[in-house]
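Here's the letter readout for the chains.
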Amino acid sequence: MSDRQSSNAYWQANLRIIYICLAIWALVSYGFGIVLRPLLSGISVGGTDLGFWFAQQGSILCFIALIFFYTWRMNRLDAEHGVDE
Amino acid sequence: MSQFTLNLLFITASFALYIGIAIYCRAKSTAEFYAANRGVGPVMNGMATAADWMSAASFISMAGLIAFTGYDNSTYLMGWTGGYVLLALLLAPYLRKFGKFTVPEFIGDRFYSPTARIIGVICLLIVSITYVIGQMTGVGVTFSRYLEVSNATGLWIGAALVFCYAVLGGMKGITYTQVAQYVVLIIAYTIPAVFISLQLTGNFLPPLGLFGTHEGSGVAFLAQLDGLVTDLGFRAYTEHHNSTLDMVLFTMALMIGTAGLPHVIIRFFTVPKVSDARKSAGWALVFIALLYTVAPAVGSMARFNLTATMWPGAEQGDTFSQPAVSLADIETSPDLAWMRNWQVTGLLNWEDKNGDGLIQYYNEAGAANAPVAAVIAEQGLVGNELTTVNNDIMVLANPEIANLPGWVIAIVAAGGLAAALSTAAGLLLAISGAVSHDLIKGTLMPNISEKGELMAARISMAASILVATILGLNPPGFAAQTVALAFGLAASSIFPVLMMGIFSSRVGKEGAIAGMIAGMLSTILYIFAYKGIFFVAGTNFLPDTPDAWLFGISPASFGTIGALINFAVAFGVSAISNRPPAHVQELVESIRVPRGAGGAISH
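Residues numbered from 1 in each chain as written. Chains lettered and ligands numbered in written order. Predicted model: local features only at pLDDT ≥ 70, side-chain atom pairs only at ≥ 80, totals over all residues.

## A few points about the overall build of chain A
Turning to step 1, where the next piece is worked out: Counting its regular elements, chain A contains 2 helices and 2 strands.
Turning to step 2, where the next piece is worked out: In terms of overall dimensions, chain A is more spread out than a globule: its C-alpha atoms have a radius of gyration of 18 Å, far above the 12 Å expected for 85 residues.
Turning to step 3, where the next piece is worked out: In terms of its C-alpha atoms, chain A occupies a principal-axis envelope of roughly 60 × 20 × 15 Å.
Turning to step 4, where the next piece is worked out: Here chain A, with 85 residues, has 35% of them falling under the buried criterion.
Turning to step 5, where the next piece is worked out: Sequence separation of 24 or more characterises 57% of the internal contacts of chain A that already satisfy a separation of 6 or more. (Helix = DSSP H or I, 4+ residues; strand = E, 2+ residues; numbered from the N terminus. Rg over C-alpha atoms; globule rule 2.2 N^0.38 Å. Buried ≥ 20, exposed ≤ 12 C-beta atoms within 10 Å, placed from the backbone. Contact = placed C-beta atoms within 7 Å.)

Written out as structure tokens, the structure reads:
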């Protein structure tokens, strides 16, 4: 039973990390890149605005950072809960 | 050395490399054939995944799509990379832990139903076969342009090569050839981009050059491009023109479609550990981003170069300070030989409509309110005189437009072939796995020996190469539009069922089957309603215009709605049907924790 509780806590912690990562994932692409672009139009980047940069470059760089952050965080979580390989 | 000899040299050398690798890495067991014995390191697998994923569409077409539309087509950049975040967080580690060989196999086991598995096979086959047709067509086009052979000869050469390394090597051979193909394609893509970025912006890093300063005029490059295209009556490059809702839904459809593509998912079955699957998705995106951050620079700079070729005054930042390019120059100047080369292929054409000896390029639809209106009145223009410009020219003719040396052109030819062949091989492996493992071993002949299954896998791979080649020779008229169908189906059927299989222990077989069918049918119906039944022109019962689309949602974006329908139906049906049996609950518990993945190889 303690095993099950531990794996439940592990899963809840994993879900929390996923929610945070997906919130950032949506913010940098759908948010800054598309819907919120008009709000960022005051900040100019190389002949255009910050929203354009997020849509064509920034979002991709954030995606990479997100995956490596998730990998690093999950390796720690796996070890904490004793479910690493 | 002539351009033809150079092309031949580079293409032959790259092919010799792929075949050498294939002979070295022959598959001897089903575990090697389907999953390279789960011994591929995460960085290596990331590189192979990048080649597997980046197709002829990414290499040849995407920069052109961005070039002629600008900001609105950022959807492709975000959509085709953001899917890897979903793969890393939601699918890859859990499917690797599950530890079997194919995507339908997971669907069948998790939803304890052979019917669910067969529906999974059908979705996989529709998605992968539509996709592979596009790759084979790309191989034919590249061969016929660069090696001056007929389209059909080119296709058969490509098919023979794929046969060599995919049938012999299976996943193991494909993995290492894909690594080599990645290296070839990324070099081919970035070298011309570096030269062009240097010429236009003085910055040798294209992603920085894109946001840099235009050398000729001293103005920010993107502002300069905006000015140039609006002078000619085109819509501003960096501005948002289309529906915001549709842009969001299309990006989402590309992201969840990417995460649901079986040939990408099976690449993550080859790594040794669950944590490697996560890491590998990160590396895959790094290698993909090398091309995807260069692509918008290639697109915008190629658009600038093409326009400045037509209006030489644009080089110094003043579009109409010099007359348009003359017909005599196009027909004789060595600098413009590329225009004559590409006219032969039918991808580029011009016509001196008003007979003034100049070729004026502008946008007829938007000319009335643009500075070009004065030129039209003064020079008596009767229409745009650059009559055909195909999107794909933007990458393929790019080195010629920028007057780069012949060996750069030869590398681009080898790179285009690498992109198409690596994706074709991955797709063929997904198809043959579904046929030999899910249909033959899983359903028709469960007692088949491992040797027999390996033989079945090889025969079904050879048969799929044959089918793909014949379809590539006679591409159905709808080849380009079917991409919408492939992504729409992957998004609306495969992605949701995999996600629910992992994240819900409540959804059972009734819910999963109903959800997959609802998602798939609604998406097919919506696409056919506007594009015609099986894309046959005239059979559509609604006009394919933004006004007629339901809430302004384009058929290509509908995969997102299809996925929502899938989730809703699956949860609705599950609420009134039985809970999954205990052994399935345990399966869900077990795939959620990484420990124990190593032992799952046995089969």
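## Topic: the overall build of chain B
Turning to step 1, where the next piece is worked out: Along the backbone of chain B there are 25 helices and 2 strands.
Turning to step 2, where the next piece is worked out: The C-alpha atoms of chain B give 25 Å as radius of gyration, which agrees with the globular expectation for 603 residues (25 Å, within 12%).
Turning to step 3, where the next piece is worked out: Burial statistics for chain B: of 603 residues in total, 58% are counted as buried.

## Structural notes on the domain arrangement of chain B
All names here are of chain B.
Turning to step 1, where the next piece is worked out: When the domains of chain B are assigned, the result is domain 1 (3-253 + 261-301 + 404-476) and domain 2 (307-389).
Turning to step 2, where the next piece is worked out: Counting from both sides, the interface comprises 13 residues of domain 1 and, opposite them, 15 residues of domain 2.
Turning to step 3, where the next piece is worked out: Residue contributions to the side of domain 1 that touches domain 2 peak at 5 residues, all from helix H10 (residues 221-231).
Turning to step 4, where the next piece is worked out: Here the side of domain 1 that touches domain 2 is composed, by residue class, of 5 nonpolar, 5 polar and 3 charged. (Domains from an automatic or database assignment. Nonpolar A, V, L, I, M, F, W, Y, C, P; charged D, E, K, R; others polar.)

## So, the interface of chain B and chain A
Turning to step 1, where the next piece is worked out: Tallying the contact residues gives 43 residues for chain B and 37 residues for chain A.
Turning to step 2, where the next piece is worked out: Of all elements in the fold, only helix H5 (74-98), H10, helix H11 (244-259) and helix H13 (274-292) of chain B reach the threshold of two or more residues within the side of chain B that touches chain A.
Turning to step 3, where the next piece is worked out: Counting residues per element, the side of chain B that touches chain A draws most heavily on H13 of chain B, which supplies 10 residues.
Turning to step 4, where the next piece is worked out: Residues belonging to the side of chain B that touches chain A are distributed by class as follows: 25 nonpolar, 12 polar and 6 charged.

## Quick notes on the nonpolar core
All names here are of chain B.
Turning to step 1, where the next piece is worked out: Val162, Leu185, Ile288, Ala414, Ala424 and Leu428 are the most contacted members of the largest nonpolar core, which has 226 residues in total.
Turning to step 2, where the next piece is worked out: Mapping this core onto the domain boundaries places at least three of its residues in each of domain 1 (3-253 + 261-301 + 404-476) and domain 2 (307-389).
Turning to step 3, where the next piece is worked out: Other than its neighbours up to four places away in sequence, Ile288 contacts Ala50, Trp53, Met54 and Thr81. (Core = buried A, V, L, I, M, F, W, Y, C linked by C-beta atoms within 7 Å.)

## As for the packing of helix H2 (residues 50-80) of chain A against H5 of chain B
For any two helices packed against each other, one specifies the inter-axial angle together with the distance between the axes.
Turning to step 1, where the next piece is worked out: Contact geometry of H2 of chain A with H5 of chain B gives a least axis separation of 9 Å together with a crossing angle of 5 degrees. Taken as axis vectors, H2 of chain A and H5 of chain B run roughly parallel relative to one another. From H2 of chain A, Ala55, Gln56, Ser59, Ile60, Phe63, Leu66, Ile67 and Tyr70 of chain A reach across to H5 of chain B, where they touch Ser74, Leu77, Met78, Thr81, Gly82, Tyr84, Val85, Ala88 and Leu89 of chain B.
Turning to step 2, where the next piece is worked out: Of the residues belonging to the contact of H2 of chain A with H5 of chain B, the class tally is 12 nonpolar, 5 polar and no charged. (Axes fitted to C-alpha atoms, helices over the stretch in contact; angles between N-to-C directions. Parallel < 35°, antiparallel > 145°, perpendicular 65-115°, else oblique.)

## Some details on the confidence of the model for chain B
All names here are of chain B.
Turning to step 1, where the next piece is worked out: Across chain B, the average pLDDT comes to 89, with 97% of residues at 70 or higher.
Turning to step 2, where the next piece is worked out: pLDDT under 50 marks residues 599-603. Its contacts with residues more than four places away, or in other chains, come to 4 contacts.
Turning to step 3, where the next piece is worked out: As scored by the predictor, the complex reaches a pTM of 0.92 and an ipTM of 0.95. (pLDDT = per-residue confidence, 0-100.)

## Quick word on helix H6 (residues 103-110) of chain B
Because an α-helix completes one turn every 3.6 residues, residues spaced three or four positions apart along the sequence face the same direction.
All names here are of chain B.
Turning to step 1, where the next piece is worked out: Buried residues dominate H6, accounting for 7 of its 8 residues.
Turning to step 2, where the next piece is worked out: Within the sequence span of H6, burial applies to Val103, Pro104, Glu105, Phe106, Ile107, Gly108 and Arg110.
Turning to step 3, where the next piece is worked out: Of the residues trailing H6, Tyr112 is marked for its positive phi of about 35 degrees.

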